[in-house]
Amino acid sequence: MAVINRHSNSSSDGANAEYGKKEYETGAVPVVDHDGVVEYQDHQHLHRGLKSRHITMIAIGGAIGTGLIIGTGKALEQSGPGSILISYTFVGFLVWIVMCALGEMAAWLPHASGFSGYATRFCDPALGFALGWTYWCKYIITTPNQLTATALIIQYWCPPDKVNPGVFIAVFLVVIIAINYFGIKFFGELEFWLSSIKVVVIIGIILLSFLLAVGAGPGPATGFKYWKNPGAFAPYIQKGDKSAGQFYGFWASFVNAVFAYLGTELIGVTVGEAQNPRKTIPRAIKLTFFRILFFYVLSVFFLGMLIPYNDKRLAAANKAKTGAAASPFVLAIDIAGIRYLPAIVNACILLFTFSASNSDLYIASRTIYGLAERGHAPKIFKWTDKRGVPVPALAISALFCCSAFMNAAQDSTQVFSYFVNLVSIFGLCAWISLLVTHIFFVKARHAQGITNEQMPFVAPLGIWGSYFALFFCVLIALTKNFSVFTRSPKYGSFDYKNFITGYLAIPVYLICIFGYKFIMKSHRVRPHEADFYTGKEEIDREEEAFLAAKAAKGPQQEGKFYRKFVSWLF
């Protein structure tokens, strides 16, 4: 096996050296630089430059966003503290199953084609086509939405009558394009530090919430008094049967919880650029359970102690678009009478949205690269520069992100919000597709005699866990916008706009699947025909090159900050 190490002084055997030289000149074998980055020079490969600490912190960062620090306020008002504790815990369990299913496939074949590649290879090319394109559409809308959020957050210090939000949108868009263009090493290091800040902030918020709940802050202890009055379960529908209203509130919390967790699966997009992925990816995914338990469950548990669901100030905070004014945790700080913290939290939320927009653009570019790699997108999007950056894929994704400027005009903001609602369900469709693919994957490897012992990582709950999670993900997807049928407090009659934008994504997704099958005449992949090995040898070479370079350098440790202050937490 030919492996080229730029910094190795040792000589190999003549035949192998000559073979390695020829392959190196054509860019066909991996080259390892002094940082352990596995590179190719053929302009067709991503470079494996994400270290173990990068992968771990990106996985954490993907699970922490504005959905947690802001979206929980809406969930509390609609559903009550008991409902959100149950729903966030249960949906967190579903997310863990999804991540384990993804981890089993990614550890066996950590290929750059990502989600769509697994669906194409193990289930049906039509599913891979639909999953890849709809997932890309989700992120070319989510990215400008995050850019708009950053502009709105800055209004805390700079009102829009002084500086148009479009100016800040342009600045942040240029910055995230530059970060993604500089290469995977720069992106990974920056996201590592941003995610580290996220971890510190959310831990600080959880500890402060605990102290306020037990009376260690300026005010008295709240304990569980709001669970008793006004109660643990809020009636989402104020008129009619109270029990029915409370059930609607309970189910609404599941919908809110799902969309708070969306983005956790982004770790699956990084597998094509992870160093030693068969170890780093399973390690990051195994930690998902503890991140969910610590960050989400504890956060909503303490939040339910601090604010009653019927507080008028909570309703006012939920009407705010974003920033500190929209965060229920900031409201709890205000109620406790702690000064200056809201401005600090607003700055932290700004970092959250900036990090989210940066990683969302990364996901969009790598998703369309994966589509091109599988032949589902023009080949130009597979081209990479000498740093392994898919420049055409990045350019087309960034071009669509210019839709963020729609929000600079007030009359377009409502249209854009409906557009976001239209594509947001594609994130849930991605979970469903991953679970379906995992079910096919497990059946195929059993049919071909690949045992659990041969697998780098196996989902603990196996195929039955995927069936369980699939049922509930489909159920939540079908009931995502149930409020249009129940005459919610917000609308006095049937809300057809919310209905159309909330459910149109499902037929679009199905049209992509069946349209591809009809035009391309694709067939479902039978278990005994599934391809488990194409491309595996190339990944084995990359892993061998990385491990050889690591052995040549001797024992290395991750950065001191990560080792001393972050890694021990997990």
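Residues numbered from 1 in each chain as written. Predicted model: local features only at pLDDT ≥ 70, side-chain atom pairs only at ≥ 80, totals over all residues. Heavy atoms only, no water.

An unreviewed UniProt entry lists the protein under the name Amino acid permease/ SLC12A domain-containing protein, with Pseudopithomyces chartarum as the source organism. Per UniProt, the protein carries the Subcellular location (unreviewed entry) text "Membrane". (UniProt positions renumbered as here; feature names shortened; annotations may be inferred.)

Caption draft 1: Highlighting the overall build of the protein. Looking only at helices and strands, one finds 24 helices and 3 strands in the protein. For the protein, the proportion of its 570 residues judged to be buried stands at 57%. Considering only residue pairs separated by 6 or more positions, the protein has 80% of its internal contacts joining residues 24 or more positions apart. As presented, the protein carries roughly 23800 Å² of accessible surface, and 64% of it is formed by carbon and sulfur atoms. (Helix = DSSP H or I, 4+ residues; strand = E, 2+ residues; numbered from the N terminus. Buried < 20%, exposed > 50% of the residue type's maximum accessible area, 1.4 Å probe, protein only. Contact = heavy atoms within 4.5 Å. Areas by Shrake-Rupley, 256 points an atom, 1.4 Å probe, with all protein chains shown as cover.)

Caption draft 2: Quick look at helix H5 (residues 81-108). Here H5 contains 28 residues, and its C-alpha end-to-end distance of 41 Å stays within 8% of the 40 Å for a straight helix at 1.5 Å per residue. Most of H5 sits out of view: 24 of its 28 residues are buried. (Expected span 1.5 Å × (residues − 1).)

Caption draft 3: Main features of the pattern of salt bridges. Counted under the stated rule, the structure contains 5 salt bridges. Arg 121 is the salt-bridge partner of Asp 531, the closest N and O atoms lying 4.0 Å from each other. Remark: Arg 121 occurs in helix H6 (residues 114-122) and Asp 531 occurs in the loop between helix H22 (505-520) and helix H23 (536-553); sequence separation between them is 410 residues. Since its relative accessible area comes to 29%, Asp 531 is described here as partly exposed. (Salt bridge = Lys/Arg side-chain N within 4 Å of Asp/Glu carboxyl O.)

Caption draft 4: Main features of empty space enclosed by the protein. Summed over all chains, the structure comprises 3 cavities of 30 Å³ or more. Quantified by volume, the largest cavity comes out at close to 90 Å³. Ala 112, Ser 113, Gly 114, Phe 115, Ser 116, Leu 131, Gly 132, Tyr 135, Gly 268, Val 269, Arg 366 and Thr 367 together form the lining of the largest cavity. Among the secondary structure elements, those contributing two or more residues to the lining of the largest cavity are H6, helix H7 (125-154) and helix H16 (341-373). (1 Å grid on protein atoms, 1.4 Å probe; cavity = no way out; pocket = protein on both sides within 12 Å on 5 of 7 lines; lining within 4 Å. Points joined across faces, edges and corners; volume = space filled by probe spheres on them.)

Caption draft 5: Region of interest: the packing of helix H9 (residues 184-213) against H16. H16 packs onto H9 with a crossing angle of 145° between their chain directions and a minimal axis gap of 10 Å. The handedness of the crossing between H9 and H16 is left-handed. Note on element contacts: H16 touches H9 through Leu 341, Cys 348, Leu 351, Phe 352, Phe 354, Ser 355, Asn 358, Ser 359, Tyr 362 and Arg 366, opposite Ile 184, Phe 187, Leu 190, Glu 191, Leu 194, Ile 197, Lys 198, Val 201 and Leu 208. When the residues that make up the contact of H9 with H16 are grouped by side-chain class, the tally is 13 nonpolar, 3 polar and 3 charged. (Axes fitted to C-alpha atoms, helices over the stretch in contact; angles between N-to-C directions. Left-handed = near helix turned anticlockwise from the far one by under 90°. Nonpolar A, V, L, I, M, F, W, Y, C, P; charged D, E, K, R; others polar.)

Caption draft 6: A look at the packing of aromatic side chains. With the rule as written, the count across this model stands at 34 aromatic pairs. With 5.1 Å between their ring centres and 75° between their planes, Phe 115 and Tyr 135 make a pair best called edge-to-face. Taken together, the positions of Phe 115 in helix H6 and Tyr 135 in helix H7 put the pair 20 residues apart, joining distant regions of the chain. For Phe 115, a relative accessible area of 6% gives the class buried. Look at Phe 471 and Phe 472: their rings are 5.1 Å apart centre to centre, the planes differ by 85°, and that puts the pair in the edge-to-face class. Given the relative accessible area of 52%, Phe 471 is considered exposed. What links up through ring pairs into an aromatic cluster is the set Phe 90, Phe 93, Trp 96, Phe 250, Trp 251, Phe 254, Phe 468, Phe 471 and Phe 472. Seen from the ring of Phe 352, Lys 198 lies directly overhead, with NZ or CZ sitting 5.8 Å from the centre. Of note, Arg 387 hangs over the ring of Tyr 181, and the distance from its end group to the ring centre comes to 4.4 Å. (Phe/Tyr/Trp six-rings, centres within 6.5 Å; stacked < 30°, edge-to-face > 60°. Lys NZ or Arg CZ within 6 Å of the ring centre and 35° of its normal.)

Caption draft 7: Structural view of a nonpolar patch on the surface. Together, Phe 485, Phe 494, Tyr 496, Ile 500, Leu 504 and Val 508 give the surface a local cluster of nonpolar side chains, amounting to about 570 Å² of exposed area. Tracing the backbone shows Phe 494 in the loop between helix H20 (483-486) and helix H21 (496-503). (Patch = residues over 30% accessible without salt bridge, like charges linked within 9 Å, V, L, I, M, F, W, Y side chains within 5 Å.)

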